[in-house]
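One letter stands for each residue in the lines below.
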Amino acid sequence: MYHPYFRGKQFELITIREMAPLLAEKEFVPIIEPVREALGGLKKTLTAVCDAGGRAIVIVNPYHGDHQEDGTSITGLLQEGFIGNDAIAAGILLRSDMTVAEVLACYADHSDHNPVLVHAGFTAPKDLAAALAADLPDMTNVFVDDHAKLLYRKHFSDSDRILVRDGFKRQRNADYPAMEEFSDLHVTYADLGMDGFGDFLIVGDVYSEGGGPAYAVAIHLSFIDPDKDDVMYIYHFVSDTKDTPTDPAGKFGQALAKVIAKLDSGNSKLLETEAIKEFRELHEKGHFPGLGYVKKLSMKHHIETLADYIG
Amino acid sequence: MIERVTPCATVGDTFESAFEILKVAGRRDEYVYRAAISHKILMGTHSLQSASMLNEFRAGSCKADLVILNGTATVYEIKSERDSLTRLANQVENYKRVFAKVNVIAGESHVDGVLATVPADVGVLCLSRRYQISTVRDAVDCPQRVCPVTVFESLRAAEAIAILKSLGVLVPKVPNTQRHAALRTLFADLDPATLHVEMVRTLKRTRNLAPLGELVDQLPNSLQAAALSIPVRRSDHNRLVTAVATPLRAAMAWS
């Protein structure tokens, strides 16, 4: 099933928390890579996921952010609050600099947290699969598409396999085209022999810390096109003003006006989700709730759109 | 350089040694000029109590290196021996739209080039080989030439609103997506000189450096300009002072 991959910045965690009931209902399992030192927000989020009867995978050795050097505090959080809890699994990120021995050691350390391997650049799949052979039938392996191609994935065919593909081509806000293809993985994953699929939502795999002032404001909205074999596309609504770092609120107003015009054209193919309702309300009030909140609404819309498709 | 320091030297002493090396004409970068202005003008002529300083303050399409606010606003564009003068004419034009006094401070090698590039109302200062600031030409104080809309674009929203209020201009309640445009329209009607006075008064309050006085006093000269321009959380002040006072040999073992 669907595995949205989140970097655990503030608004990513808020999105998961608020979407926990829908995620649980649809059996969507978010993968969370904690990037902030403070783990309070993560703990609240995991509690919300459990309360809703959902599941989540938490990366215990993040590659990005504050826990890059040492993820023991994340392991600590799982052991303190989420022990004996099948809902929360430890995700082990397999990067190119890890050895089989290191992976196995981390796997053993988290044996009480249903460890899930997240393959993202690792180079010895054959040896690893051989070492884990006995466990594979009960395991889940997640593959980040750019790093784990068909032959690589074959080694793990005895396990549940999830393919995560970054459909979002990140660029400067000012440079986005009006519309582009996002992904067809939600249609094709089974044909690829996979048991589930995932993406990096409308944020992309590229990680950045905050960043400077936005010269342009962009609202990203995904839609599934039934006339194009249900492929998912994404609209980028970009403000007209893009040559100064000032007035994000006014620029949001410009981008939002384009969203509303597209919606009201009657042929947008955008699903009228709860997130879209909120965009409409913001347009009526002329209110800018902040860039983080706008990102949250776009992520929410993306998840609601896939939830509707999967039904 | 690390081999040259004595066994009991602190981290702060090492910064002092480094600064002595950088201070030599020909090697000086922007920071040396920034330090000279901070010491000799901000803390020399004025004080942190009566004046304030802005770093990298947006002005039109440029960013002003250093602005000192006392009774008026004076911008200092730094042209160290490592800088070129190609952008200078455009920078000065942008600064005149925001600040009453515009100065260029340059090394001796650049002074003639600066005089040939900038108009007569722009001041020219020279940082001498002996690290003294001398005035080649005084800047004309001309607040009436500022452009109110450009001033507005340089300010934070709260500062713009404070200025309008103190000038008795009614700020209408509009949704925040329309606020910038509404404030901009109100600024366009302001009298430039009156606005400039109020801008200085407001920025001195919102960008007040007096709370940094205690920190600056505890740091070696070479780090004072940095302390005035790089935000350090209040709770980290003591840690910074302690770190600077640590013997270098001990600090080199930090991971």
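Just above sits the structure.
This section reports on the structure supplied with the text. (Residues numbered from 1 in each chain as written. Chains lettered and ligands numbered in written order. Predicted model: local features only at pLDDT ≥ 70, side-chain atom pairs only at ≥ 80, totals over all residues. Heavy atoms only, no water.)

Here's the deal with the overall build of chain A
Here's step 1: Of regular secondary structure, chain A possesses ten helices and eleven strands.
Here's step 2: By the compact-globule yardstick of 19 Å for 311 residues, chain A fits well, its C-alpha radius of gyration being 20 Å.
Here's step 3: For chain A, the C-alpha atoms occupy an extent of roughly 55 × 40 × 35 Å along the three principal directions.
Here's step 4: Considering only residue pairs separated by 6 or more positions, chain A has 71% of its internal contacts joining residues 24 or more positions apart.
Here's step 5: Of the roughly 13,200 Å² that chain A leaves accessible, carbon and sulfur atoms contribute 49%.
Here's step 6: One way to put it: in chain A the 30 positive side-chain charges average out to a point 5 Å from where the 48 negative ones average out. (Helix = DSSP H or I, 4+ residues; strand = E, 2+ residues; numbered from the N terminus. Rg over C-alpha atoms; globule rule 2.2 N^0.38 Å. Contact = heavy atoms within 4.5 Å. Areas by Shrake-Rupley, 256 points an atom, 1.4 Å probe, with all protein chains shown as cover. Lys, Arg positive; Asp, Glu negative; His and termini not counted. Charge placed at Lys NZ, Arg CZ, Asp CG, Glu CD.)

So, the pairing of strand S5 (residues 123–127) of chain B
Residues and elements named next belong to chain B.
Here's step 1: The element S5 is largely enclosed, with a buried count of five among its five residues.
Here's step 2: The alternating pattern of S5 places Gly123, Leu125 and Leu127 on one face and Val124 and Cys126 on the opposite face, and all of these are buried.
Here's step 3: Pairing of strand S4 (residues 101–107) with S5, which is carried by five bridges, proceeds in the parallel orientation. Counted as the bridge partner of Ile105 is Leu125 from S5.
Here's step 4: Each parallel crossover has a hand, and for S4 linked through helix H4 (residues 111–117) to S5 it is right-handed.
Here's step 5: Taken together, the four bridges between S5 and strand S6 (residues 133–137) define a ladder with antiparallel strand orientation. For Val124, the partnering residue across the bridge sits in S6 and is Arg137. (Buried < 20%, exposed > 50% of the residue type's maximum accessible area, 1.4 Å probe, protein only. Pairing = 2+ DSSP bridges. Right-handed = clockwise from strand over helix to strand, strands pointing away.)

A word on the pattern of salt bridges
Proximity of charged atoms lets side chains of opposite charge pair with each other.
Here's step 1: What the rule picks out here adds up to 32 salt bridges over all chains.
Here's step 2: For Lys296 of chain A, the salt bridge goes to Glu18 of chain A, with nearest N and O atoms at 2.8 Å. One end of the pair, Lys296 of chain A, is in helix H10 (residues 291–310); the other, Glu18 of chain A, is in helix H1 (residues 10–25), with 278 residues separating them in the sequence.
Here's step 3: According to the relative accessible area criterion, Lys296 of chain A is buried, its value standing at 4%.
Here's step 4: On the basis of relative accessibility, which here comes to 44%, the residue Glu18 of chain A falls in the partly exposed class.
Here's step 5: A salt bridge links Glu108 of chain B to Arg129 of chain B; the nearest nitrogen and oxygen atoms lie 3.2 Å apart. On the criterion of sequence distance, the pair formed by Glu108 of chain B in the loop between S4 and H4 and Arg129 of chain B in the loop between S5 and S6 is long-range, its members being 21 residues apart.
Here's step 6: Residue Arg129 of chain B is classed as exposed on the basis of its relative accessible area, which comes to 60%.
Here's step 7: By sharing partners, the salt bridges in this structure join Asp145, Arg153, Arg165 and Asp184 of chain A into a single network. (Salt bridge = Lys/Arg side-chain N within 4 Å of Asp/Glu carboxyl O.)

Some words on the sheet that holds strand S3 (residues 73–79) of chain B
Residue and element names in this part refer to chain B.
Here's step 1: Spatially, six strands are ordered S1-S2-S3-S4-S5-S6 in an open sheet, and the strand pairing comes out mixed. Where the open sheet ends on each side, the last strands, each with one partner, are strand S1 (52–59) and S6. Strand after strand, the sheet turns through a mean of 30° between neighbouring axes, direction not considered.
Here's step 2: In this structure, strand S2 (residues 62–69) lies alongside S3, joined through four bridges in antiparallel fashion. The residue of S3 that forms the bridge with Val67 is Val75. (Axes fitted to C-alpha atoms, helices over the stretch in contact; angles between N-to-C directions.)

Section: the environment of Phe143 of chain A
Residue and element names in this part refer to chain A.
Here's step 1: If you trace the backbone, Phe143 turns up in strand S6 (residues 140–144).
Here's step 2: Here the alpha-carbon distance between Phe143 and Arg161, two residues 18 residues apart in the chain, equals 7.5 Å.
Here's step 3: Ignoring any residue separated from it by four or fewer positions in sequence, one finds Phe143 in contact with His119, Ala148, Tyr152, Arg153, Phe156, Arg161, Ile162, Leu163 and Val164.

Some details on the packing of H1 of chain A against helix H2 (residues 40–51) of chain A
Residues and elements named next belong to chain A.
Here's step 1: Packing of H1 against H2 brings their axes to within 8 Å, and their N-to-C directions diverge by 20°. One element, H1, and the other, H2, form an angle in the roughly parallel class. Where H1 crosses over H2, the two elements pack in a sense that is left-handed. Contact residues: H1 offers Leu13, Ile16, Arg17 and Ala20, while H2 offers Gly41, Leu42, Lys44, Thr45, Ala48 and Val49.
Here's step 2: Looking at the contact of H1 with H2 residue by residue, the classes come out as six nonpolar, two polar and two charged. (Parallel < 35°, antiparallel > 145°, perpendicular 65-115°, else oblique. Left-handed = near helix turned anticlockwise from the far one by under 90°. Nonpolar A, V, L, I, M, F, W, Y, C, P; charged D, E, K, R; others polar.)

A short note on the interface of chain B and chain A
Here's step 1: Taken together, the contacts link six residues of chain B with eleven residues of chain A.
Here's step 2: For the pairing of chain B and chain A, the buried interface totals around 670 Å² over both sides, and the portion due to carbon and sulfur atoms is 53%.
Here's step 3: Counting the surface chain B buries against chain A, the share from its top three residues, Asn176, Thr177 and His180 of chain B, is 69%.
Here's step 4: Along the contact surface separating chain B from chain A lie zero salt bridges. (Buried area = accessible area lost by both parts, 1.4 Å probe.)

Observations regarding H10 of chain A
An α-helical segment advances 3.6 residues per turn. Residues three or four places apart therefore align on the same side.
Residue and element names in this part refer to chain A.
Here's step 1: Along its 20 residues, H10 runs 29 Å from first to last C-alpha, staying within 8% of the 28 Å computed at 1.5 Å per residue.
Here's step 2: Counting buried residues in H10 gives 14 out of 20 residues, a clear majority hidden from the surface.
Here's step 3: Gly311 lies just past H10 and shows a positive phi near 70°. (Expected span 1.5 Å × (residues − 1).)

Examining the pairing of S3 of chain B
Residue and element names in this part refer to chain B.
Here's step 1: Taking burial as the measure, the seven residues of S3 include seven buried ones, the bulk of the element.
Here's step 2: Residues Ala73, Val75, Glu77 and Lys79 line one face of S3 and the alternating positions Thr74, Tyr76 and Ile78 line the opposite face, and both faces are buried.
Here's step 3: The turn joining S2 and S3, which pair antiparallel and follow one another in sequence, is formed by three residues.
Here's step 4: The sheet contact formed by S3 and S4 spans six bridges and is parallel. For Tyr76, the partnering residue across the bridge sits in S4 and is Asn103.
Here's step 5: Following the backbone out of S3, through helix H3 (residues 88–96) and into the adjacent parallel S4, one traces a crossover that is right-handed.

Just distances and angles here, no functional claims.
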